[in-house]
Amino acid sequence: MLTVAASSNAQTSFDPEGGCLNVVDVCVAKGLGQYGDGGVSANYLHEKFINERFSIGPGVGYSYRKDYKFSAIPLYLSTHYFFMDRRFSPFVNLRLGGFVMFNKKNVGTNEKYSLSKEKQGISLYVSPSIGVKIHVTPSIGIMASMSDEAYLVKAFDTQSNDYRNKLIHGLGINVGVCFQINGW
């Protein structure tokens, strides 16, 4: 009986010496604020554990913004802080980096959600989130979170009647799978 109790408590969290945290998630977002924009995105990140609760590493994604009608590939540095080293743990996450825009469709119309005709290059991407992680097995879990995806774009400002840099926000619901690869 003691063996069953001991084995149920063992391996309830990711072991920082045993590899890295990998997360694949999808997000559906609704626009926030006057110039906010919703859309869909998918992300992959690969983080190394610094200790039992904190991890950091690179990530990449694909996003489509619905009202501004553009696609983006964000490249970022991601960090997770888990509040508990348990099977169930709330966490905070920050993704900070840049994105490349392509397939712009709503360009130069001088209307709300219109993008500048100028080539944008790499621009700011930031996405803080808060959520929970639940382990299904010792090395596989499910993560769910709420995020604020923000992209810096040169968009039409209806008040100044000109194109200006705007940080467009989308409140997202993220669901993903996290797993640990031993030895990385």
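Up top you'll find the structure we're talking about.
Everything in this summary refers to the structure shown in the same document. (Residues numbered from 1 in each chain as written. Predicted model: local features only at pLDDT ≥ 70, side-chain atom pairs only at ≥ 80, totals over all residues. Heavy atoms only, no water.)

## Structural notes on empty space enclosed by the protein
1) Next: Applying the stated rule across the entire model yields 2 cavities of 30 Å³ or more.
2) Next: Approximately 80 Å³ is the volume attributed to the largest cavity.
3) Next: If you trace the largest cavity, you find 13 residues lining it, with Asp25, Phe91, Arg95, Met143 and Ser145 closest to the centre.
4) Next: Of all the secondary-structure elements, those providing two or more residues to the lining of the largest cavity are strand 1 (20–32), strand 5 (88–102), strand 7 (140–157) and strand 8 (162–181).
5) Next: Taken together, the residues of the lining of the largest cavity sort by class into 5 nonpolar, 6 polar and 2 charged. (1 Å grid on protein atoms, 1.4 Å probe; cavity = no way out; pocket = protein on both sides within 12 Å on 5 of 7 lines; lining within 4 Å. Points joined across faces, edges and corners; volume = space filled by probe spheres on them. Helix = DSSP H or I, 4+ residues; strand = E, 2+ residues; numbered from the N terminus. Nonpolar A, V, L, I, M, F, W, Y, C, P; charged D, E, K, R; others polar.)

## Regarding the sheet that holds strand 2 (residues 39–49)
1) Next: Strand order in the closed barrel made by the 8 strands is 1-2-3-4-5-6-7-8, with antiparallel pairing throughout. For this sheet, the mean angle separating the axes of adjacent strands, direction not counted, is 25°.
2) Next: The pairing of strand 3 (residues 54–65) with strand 4 (residues 70–82) spans 10 bridges and is classified as antiparallel. Note on strand 4: the bridge partner recorded for Tyr64 is Ser71. (Pairing = 2+ DSSP bridges. Axes fitted to C-alpha atoms, helices over the stretch in contact; angles between N-to-C directions.)

## With respect to the pairing of strand 7
Along any regular strand the residues' side chains alternate between the sheet's two faces.
1) Next: Examined bridge by bridge, strand 6 (residues 122–137) and strand 7 share 10 bridges and lie antiparallel to one another. Paired with Val126 across the strands is Ala150, a residue of strand 7.
2) Next: Two elements, strand 7 and strand 8, share 18 bridges in a ladder whose sense is antiparallel. Bridging across to strand 8, Ala155 finds its partner in Arg164.
3) Next: In this structure, the hairpin formed by strand 7 and strand 8 is closed by a connection of 4 residues, where Asn161 is found at a positive phi of approximately 55°.

## So, the packing of aromatic side chains
1) Next: Enumeration over the complete set of coordinates arrives at 10 aromatic pairs.
2) Next: Centroid distance Phe70 to Phe99: 6.3 Å. Interplanar angle 20°. Geometry classified as stacked. Of this pair, Phe70 sits in strand 4 while Phe99 sits in strand 5; the two residues are 29 residues apart in sequence, bridging distant segments of the chain.
3) Next: Consider the rings of Phe99 and Tyr151, whose centres lie 5.0 Å apart with planes at 85°: the pair is edge-to-face. (Phe/Tyr/Trp six-rings, centres within 6.5 Å; stacked < 30°, edge-to-face > 60°.)

## Some details on the pattern of salt bridges
1) Next: The final tally for this structure, using the stated rule, is 5 salt bridges.
2) Next: We note a salt bridge from Arg65 to Glu149, for which the minimum N-O separation is 3.3 Å. Of this pair, Arg65 sits in strand 3 while Glu149 is found in strand 7, placing the two residues 84 residues apart along the sequence. For the pair shown, Arg65 and Glu149 are each scored as buried.
3) Next: Lys66 is the salt-bridge partner of Asp67, the closest N and O atoms lying 3.6 Å from each other. (Salt bridge = Lys/Arg side-chain N within 4 Å of Asp/Glu carboxyl O. Buried < 20%, exposed > 50% of the residue type's maximum accessible area, 1.4 Å probe, protein only.)

## Observations concerning the pairing of strand 1
1) Next: With 10 bridges joining them, strand 1 and strand 2 adopt antiparallel strand pairing. Directly across from Val28, in strand 2, lies its bridge partner Val40.
2) Next: The hairpin turn running from strand 1 into strand 2, its antiparallel successor, is 6 residues long, and Gly33 in that turn takes a positive phi close to 80°.
3) Next: Relative to strand 8, strand 1 runs antiparallel, the two sharing 13 bridges. Following the sheet pairing, Leu32 is matched in strand 8 by His169.

## Description of the environment of Ser63
1) Next: Along the chain, the position of Ser63 falls in strand 3.
2) Next: The exposure class of Ser63 is buried, given its relative accessible area of 0%.
3) Next: A sequence separation of 22 residues divides Ser63 from Ser41, and the C-alpha atoms of the two residues are 4.1 Å apart.
4) Next: When residues no more than four places from it in sequence are discounted, the contact partners of Ser63 are Val40, Ser41, Phe70, Ser71, Ala72 and Tyr151.
5) Next: Polar side-chain contacts of Ser63 include one of 2.7 Å to the side chain of Arg65. (Contact = heavy atoms within 4.5 Å. Polar contact = N/O pair within 3.5 Å; in protein donor to acceptor, adjacent residues only side chain to side chain.)

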